[in-house]
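Single-letter residue listing:
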Amino acid sequence: MAVAAALCVSLAGCDLLPSDGPSANQMLAHVSENRKGDPASVMRVAMVTLDARVAQDAKQYYQPTFPTVPAVFQQPGTFGRAGVGDVLRVTIWEAAETGLFAGRERKGADVTVRVDVDGTIALPYAGRFPARGRRLSEIENDIVARLSSKAVDPQATVMVADNVSSAVSVQGEVNKPGPQPVERPDQRVLDMIALAGGTKFPAYETSVRLTRGRSTLSVPVQDVIDQPDMFNVSVAAGDTLLVSRRPQTFIALGAVLQPGEQVFRKSRLNMTEALAQSLGLDAQRSDAKGVYLFRREPVDLARRYGVQLLAEDRETVPIVYQVDLKLPQTYFAMNTFPVRPGDILFVSQAPLSDAAKFFQILSGAAGTVAIPRTLGGNFPSGG
């Protein structure tokens, strides 16, 4: 039995046993080898223990920065102006019972016209005149002025029968893409997304880009919801909204209950939430002291940690964060430490897990050896 135990320990330290990654001891041994190999240099992979200070430094460094809203989006959009393609219903009234537009039964007449491609409309006795970009009240005044010498005390009202030009194009990952009418001066980004049937995917993995002329504003939909005073800006006729899915992911490997690619379930994720998404550690084989997060960090953040830099470390440094879940204070640090898209979260196996594998393999091998002996007993001895 002692020989088997010694052999087990020996095998656990090498690569003969199946494994899904390095153990905690192997990680530390690799770092130690790098240091011993060239004491004058810093290891290629810097190991940083996750504690309250490190978590706070990372949180401050990755504090979200929001885009600046261009001035054109901070002003109300144009509303109530005629545009090319709009159908206008013009009603002209006269004071007399008989006239150009009046009759015995009704002292007025309705005329339906469409704004032509050159931005003009044509009315009987008023001729052709500009309408594009003008308010309805301005068009009414123009009609009255043109008919004042031909009709009896004319009055005019103009209504939009078919609003074609005052629309916002909503495209991308929405349920009903296409033009959506701007019917009120206070309609905003979220209103147009709602008119388009809402987004196909959760707000935390969806972004929206608003384009007006040459100005654009790109922002996650979740930020539009969380900070409406800043990002839920008014829309204007001719704007374009492009809704895109941009999921953020990290990878969970090793002794977790749900390894593989993990999609952020909220716009910002901390390490506690990341472990929870992976359904936590596998209690049968995980090493609570051997939780690691792999990430390339900017050199500015590495300096805050006290990592010595090499001459070639110009932009980023490969860092492995070591997390010891045996320490209660670690959980508070994890609640602060941000997980970033592209991170690799790895949980190593406990040493006794390797021992269990060895004994399982050993018992299987013993059963296999017994088979030919049993079969051999069924054959004649040949004597």
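Provided above is the structure to which this section pertains.
Criteria and thresholds
Residues numbered from 1 in each chain as written. Predicted model: local features only at pLDDT ≥ 70, side-chain atom pairs only at ≥ 80, totals over all residues. Heavy atoms only, no water. Helix = DSSP H or I, 4+ residues; strand = E, 2+ residues; numbered from the N terminus. Buried < 20%, exposed > 50% of the residue type's maximum accessible area, 1.4 Å probe, protein only. Pairing = 2+ DSSP bridges. Axes fitted to C-alpha atoms, helices over the stretch in contact; angles between N-to-C directions. Contact = heavy atoms within 4.5 Å.

Brief notes about unusual backbone geometry
- Within the chain, Asp153 stands out as a residue other than glycine whose phi angle is a positive 45°.
- Structurally, the position occupied by Asp153 is in the loop between helix H4 (136–147) and strand S6 (155–162).
- Looking at Asp153, the relative accessible area reads 52%, which means it is exposed.
- Of note in this structure, Leu279 is not a glycine but carries a positive phi near 65°.

Let's talk about the sheet that holds strand S1 (residues 46–49)
- Taken together, the six strands give an open sheet; going across it, the order is S1-S16-S15-S18-S12-S13, and neighbouring strands pair in mixed fashion. Edge positions in the open sheet fall to S1 and strand S13 (260–263), since each of these has one partner strand only. Between one strand axis and the next, the sheet turns by 25° as a mean value, whatever way the strands run.
- Pairing geometry for strand S12 (residues 249–254) and strand S18 (residues 344–349), over four bridges, is parallel. Bridge pairing in S18 places Ala252 opposite Leu345.

A few points about the side chain of Asp57
- As for its position among the elements, Asp57 is in helix H3 (residues 52–61).
- Judged by its relative accessible area of 14%, Asp57 falls in the buried class.
- Not counting residues up to four positions away in its chain, the partners in contact with Asp57 are Leu301, Arg304 and Tyr305.

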